[in-house]
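Okay, here's what each chain looks like letter by letter:
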Amino acid sequence: MIVFQLLAMSLVGGILLLDRWAVGEFGLSQPVVSCSLLGLLFGDFSTGLFVGVCLQLVWAGSLPLGSEVPPDAQSAGVVAGSCVMLARRFAPDFVAQAIFLAFALAAVASIIGGHADVGNRKLNRFLYVRGLTARRTGLLVGYQALGLLFTLIRGFVVTAIFGTVFVILMPILRFLPALTRTQLLAIPLSIGLGSAAVLFVTRRRIPLVALGSAVMGAIWIWAR
Amino acid sequence: MDLGALARGTVALLFLQSSWSFEGKQAIGFWLLLAALARNRQERASLLSRFRRPSNTNHYLAGFSASALVREFRADPAAAERIEPALESMLAAQGDNLFWRALRPFWGAAAVFAGLLGLRWAPWLFLAGFGVCTLATRIAGLFIGLRSGKSAVRRVADHVPRVGHGVELAGALLIGLLIVPGLFGHERLVWAWSLPAFGLAFVWRAGHRSPSPLFLLYLMLAWLVKAVA
């Protein structure tokens, strides 16, 4: 049963990860969306959304500028979402610990996923070389389709490997810290806010940040 | 305006990067985009033979450069060949700054803000904001490029930084809004943990380092603190 769920998640993960750069790039592979979708498909939207919200900003400052391949935030999100959904089904008493482990695996997946991405793009070299001499448009479409297939396989393999590692590590969940949701949120969100702030906050924009904080602080105090 | 070419071009744009490689970049996707915009078989063959080389630009704005190129090609093929690199590099830098540095993080932060407020439609807010905006840009790019050629690309390249600046200002305000629930809205004493993490991540990212090791380190620290407590 767990094997079927793992395979299904890896397939969904592979499809979602096409959105990283191969198709559309509408943002389906962004953690807040991908984790929510995984939650929706595998029975716990709220937990999926929670994991996505936690991870969305962690890699916000890592940008694919020019030919640079940044850390793979998308794989991180898909891996974390898949692991938490596996735990929800097969270790429901240890979901908090599973989220903690999923975060750790997501951090590693962002590094490994980045390397896999580079490998994927190196593999595509042969499609380009063939494309240079292709005379028919149909052949070019075929090479595009092959490129898509390579990317799908990359996403599938990354999700499957980390999902398998998670399943192997499931027996140690009981020894991991059982943090509350707010404690779990605090770790990635504070790092994520720091990362996102690098993009938007400059010395001249500090008054805007202060204004936002003051407005939200006032609302927060009033609501309490 | 050939609506069929517009529809084919939009589909080709969605798959522009499917076979992205370090050598050819978006080459195959770009050739297919040019082929989709061609009026007939002869024009397609002629476009494909002239532009058979590596190509790279911001893929959300690639519609502008490709369609402008096709329009210029119809007027003067040799001139079109000369302006191709300039069109692409002009849009590459501007588009990367607008979409990667401003719009995507902005809508990501907006979705996180909505999620922190407990709104269940937070992920759809991201898709509606970023996804719809990128799709509209692609379609508009094809339309405007085919209609006005390279002059339109120049106008777009002039406007993009202004839009990006506006989004960044809104992003700064949003970060301010997020700081309160994000760093102080936790249980007692957790903010004493969040605040240094926020500062460290800011300095860390400002130094262009990947946040992954920092994230792992903080998870380990959390484990340690919990174990000691």
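Here goes a summary of the coordinates provided.

### Looking at the overall build of chain B
Along the backbone of chain B there are nine helices and zero strands. Secondary structure of chain B in N-to-C order comes out as α-α-α-α-α-α-α-α-α. For chain B, the C-alpha radius of gyration of 22 Å lies well beyond 17 Å, the compact-globule estimate for 229 residues. Here the C-alpha coordinates of chain B stretch approximately 75 × 35 × 30 Å along the principal axes.

### A short note on the overall build of chain A
The number of helices and strands found in chain A is nine helices and zero strands. Mapped from its N terminus to its C terminus, chain A presents α and β elements in the order α-α-α-α-α-α-α-α-α. For chain A, the spread of C-alpha atoms along the three principal axes comes to 70 × 50 × 25 Å. Of all 224 residues assigned to chain A, the portion counted as buried reaches 60%. The long-range fraction of contacts in chain A, counting pairs at least 24 apart against all pairs at least 6 apart in sequence, stands at 78%. As displayed, chain A offers around 8,800 Å² of accessible surface, 71% of which is attributable to carbon and sulfur atoms. Taken as two groups, the 16 positive and 7 negative side-chain charges of chain A have centres that lie 6 Å from each other.

### So, helix 4 (residues 73-90) of chain A
Over its 18 residues, helix 4 of chain A runs 26 Å from end to end, which matches the ideal 26 Å to within 8%, given 1.5 Å per residue. Counting buried residues in helix 4 of chain A gives 15 out of 18 residues, a clear majority hidden from the surface.

### Some details on the nonpolar core
Counting 139 residues, the largest nonpolar core has V51, F103 and F166 of chain A together with F215 of chain B as the members making the most contacts within it. In terms of residue count, the dominant contributor to this core is helix 5 (residues 77-116) of chain B (16 residues). The residues contacting F215 of chain B, other than those within four sequence positions of it, are L55, V58, W59, F103, A107, I187, P188 and I191 of chain A. Counting residues in hydrophobic clusters, the runner-up holds five residues, among them L18, W21, A22 and L148 of chain A.

### Brief notes about the packing of helix 7 (residues 137-169) of chain A against helix 2 (residues 27-37) of chain B
The N-to-C vectors of helix 7 of chain A and helix 2 of chain B enclose an angle of 140°; their axes lie 10 Å apart at closest approach. Classed by the angle they form, the pair helix 7 of chain A and helix 2 of chain B counts as oblique. Viewed along their axes, helix 7 of chain A and helix 2 of chain B form a crossing whose handedness is left-handed. Contacts from T137, L140, V141, Y143 and Q144 of chain A of helix 7 of chain A reach helix 2 of chain B at I28, G29, W31, L32 and A35 of chain B. Residues belonging to the contact of helix 7 of chain A with helix 2 of chain B are distributed by class as follows: seven nonpolar, three polar and no charged.

### Considering the interface of chain A and chain B
Taken together, the contacts link 94 residues of chain A with 93 residues of chain B. Taking both sides of the interface into account, the surface hidden between chain A and chain B amounts to around 7,900 Å²; carbon and sulfur atoms contribute 73%. Joining chain A to chain B, the criterion identifies two salt bridges. Of the charged contacts in the structure, one is a salt bridge between R125 of chain A and E23 of chain B, with a shortest N-O distance of 3.5 Å. At the junction of chain A with chain B, the criterion picks out 19 residue pairs in polar contact (both at pLDDT 80 or more). Elements with a minimum of two residues in the side of chain A that touches chain B: helix 2 (31-41), helix 3 (45-56), helix 5 (95-123), helix 6 (125-133), helix 7, helix 8 (181-200) and helix 9 (206-223) of chain A. Considering every element that reaches the side of chain A that touches chain B, the biggest residue donor is helix 8 of chain A, with 17 residues. Looking at the side of chain A that touches chain B, its residues break down into 61 nonpolar, 28 polar and five charged.

### Describing the pattern of salt bridges
Inspection of the entire model under this criterion finds 11 salt bridges over all chains. Across the salt bridge formed by E84 of chain B and R53 of chain B, the nearest N and O atoms sit 2.4 Å from each other. Note that E84 of chain B is positioned in helix 5 and R53 of chain B in the loop between helix 3 (41-50) and helix 4 (62-75), a separation of 31 residues in sequence. Residues participating in the shared-partner salt-bridge network are R20, D72, D117, R121 and R154 of chain A.

### Section: the packing of aromatic side chains
According to the stated counting rule, one finds 13 aromatic pairs over all chains in the structure shown. Between the aromatic rings of F106 of chain B and W107 of chain B, the centroid separation amounts to 5.4 Å while the plane-to-plane angle is 80°, which identifies the pairing as edge-to-face. By relative accessible area, which is 17% here, F106 of chain B ends up buried. Sitting over the face of the ring of W20 of chain B, R121 of chain A holds its NZ or CZ atom 4.8 Å from the ring centroid. In this structure, R209 of chain B is placed above the aromatic ring of W204 of chain B, and the distance from its NZ or CZ to the ring centre is 5.4 Å.

### Looking at the side chain of D72 of chain A
Residues and elements named next belong to chain A. Inspection of the secondary structure puts D72 in the loop between helix 3 and helix 4. Side chain to side chain, D72 and R154 meet in a polar contact 3.1 Å long. Not counting the four nearest positions on each side in its chain, D72 is found in contact with R20, A109, S110, G113, G114 and R154.

### Considering the state of the cysteines
For the coordinates displayed, the defined rule picks out zero disulfides over all chains. The thiol of C54 of chain A is unpaired, and the distance to the nearest cysteine sulfur, on C35 of chain A, comes to 9.1 Å.

### A look at unusual backbone geometry
Of note in the backbone geometry, E25 of chain A takes a positive phi value of approximately 55° without being a glycine. Relative to the helices and strands, E25 of chain A is located in the loop between helix 1 (2-17) and helix 2. You will see that K25 of chain B, though not glycine, has its phi angle at about 55°, which is positive. Relative to the elements of secondary structure, K25 of chain B occurs in the loop between helix 1 (3-14) and helix 2. Residue classification places K25 of chain B among the partly exposed positions, given a relative accessible area of 21%.

### Regarding the environment of G118 of chain B
All names here are of chain B. Note that G118 resides in the loop between helix 5 and helix 6 (122-148). Overall, G118 belongs to the exposed group, its relative accessible area being 53%. Along the chain, G118 and G9 lie 109 residues apart, while their C-alpha atoms are 39 Å from each other.

What counts, and where the lines are drawn
Residues numbered from 1 in each chain as written. Chains lettered and ligands numbered in written order. Predicted model: local features only at pLDDT ≥ 70, side-chain atom pairs only at ≥ 80, totals over all residues. Heavy atoms only, no water. Helix = DSSP H or I, 4+ residues; strand = E, 2+ residues; numbered from the N terminus. Rg over C-alpha atoms; globule rule 2.2 N^0.38 Å. Buried < 20%, exposed > 50% of the residue type's maximum accessible area, 1.4 Å probe, protein only. Contact = heavy atoms within 4.5 Å. Areas by Shrake-Rupley, 256 points an atom, 1.4 Å probe, with all protein chains shown as cover. Lys, Arg positive; Asp, Glu negative; His and termini not counted. Charge placed at Lys NZ, Arg CZ, Asp CG, Glu CD. Expected span 1.5 Å × (residues − 1). Core = buried A, V, L, I, M, F, W, Y, C linked by side-chain atoms within 4.5 Å. Axes fitted to C-alpha atoms, helices over the stretch in contact; angles between N-to-C directions. Parallel < 35°, antiparallel > 145°, perpendicular 65-115°, else oblique. Left-handed = near helix turned anticlockwise from the far one by under 90°. Nonpolar A, V, L, I, M, F, W, Y, C, P; charged D, E, K, R; others polar. Buried area = accessible area lost by both parts, 1.4 Å probe. Salt bridge = Lys/Arg side-chain N within 4 Å of Asp/Glu carboxyl O. Polar contact = N/O pair within 3.5 Å; in protein donor to acceptor, adjacent residues only side chain to side chain. Phe/Tyr/Trp six-rings, centres within 6.5 Å; stacked < 30°, edge-to-face > 60°. Lys NZ or Arg CZ within 6 Å of the ring centre and 35° of its normal. Disulfide = S-S within 2.5 Å.

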